[in-house]
Amino acid sequence: MLILPLKAFAVFEFDFDFGYDKQIYGAQRQNSVVSRNYSVGISSYLFDLTALDLNVSNTRDTTSQNDRYTVATAVDVISQQNRVQTNVFGLGLKQMLAGRGARITPIISAGYAREFVTSSGDITVENTTTLAQSKFYLKESKQRYNSVFGSFILQIKLTERFSLKGSVKTLFPAFEFNKARDNIKYLVGFAWIF
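Residues numbered from 1 in each chain as written. Predicted model: local features only at pLDDT ≥ 70, side-chain atom pairs only at ≥ 80, totals over all residues. Heavy atoms only, no water.

Draft legend 1. Region of the structure containing unusual backbone geometry. Residues other than glycine seldom take positive phi values, yet L131 does so here, at roughly 65 degrees. Take L131: it is sitting in the loop between strand 6 (104-127) and strand 7 (133-157). A positive phi angle, near 70 degrees, is found at F175, a position not held by glycine. On the secondary structure map, F175 appears in the loop between strand 8 (162-173) and strand 9 (184-193). (Helix = DSSP H or I, 4+ residues; strand = E, 2+ residues; numbered from the N terminus.)

Draft legend 2. Layout of the confidence of the model for the protein chain. Taken residue by residue, the protein chain gives an average pLDDT of 92. The fraction at 70 or more is 95%. Every residue in residues 1-6 scores below 50 in pLDDT, and together they form 12 contacts with partners more than four places removed in sequence or on other chains. (pLDDT = per-residue confidence, 0-100. Contact = heavy atoms within 4.5 Å.)

Draft legend 3. Looking closely at the pairing of strand 3 (residues 50-65). As judged from the 14 bridges shared by strand 2 (residues 31-45) and strand 3, these two strands associate in the antiparallel manner. Across the sheet, residue V33 finds its bridge partner in strand 3, namely T63. Between strand 2 and strand 3, which pair antiparallel in sequence order, lie 4 residues. Relative to strand 5 (residues 75-96), strand 3 is paired through 16 bridges, and the arrangement is antiparallel. Looking at strand 5, one finds that T50 is bridged to Q95. (Pairing = 2+ DSSP bridges.)

This is the structure we're talking about:
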């Protein structure tokens, strides 16, 4: 099947993207923000360069703060951790901006997304008299949003069916286009046509 021409089959494309970001801050480099993003998608080409795009992504953001400060007599907060998990299910259109024979292909994609956000965290406090530590867990909260996704993709073809890709993606509340620049992710991955 790998040696037969693409036009002999209905064209489907499988995509995988991954992004990782880590930021260390604080006078003693004691604090961090870590973000991981995984995204998979499948596209069915309705026309030669236009596809229906179905995608799912998972983002995990973890903020760890290890700054000590006093909240009451003989009680210090010594660390906090906030965790936000975002699951997004999207359906839209993908448009190739160059023909299938091109080695480098720019692609744009946009559509509707349903966003599920789960937030949780914990706080560790210390009794400065006894040095006993206690951890308190914050109540988990969940929100759902109707959103819009958009992406710009640059694919570099390695074989007729396999490409490496870099993506810039945004996700913002529906019809609030001025917020598109507030949530931007840079990802790398691959695409496989079958």
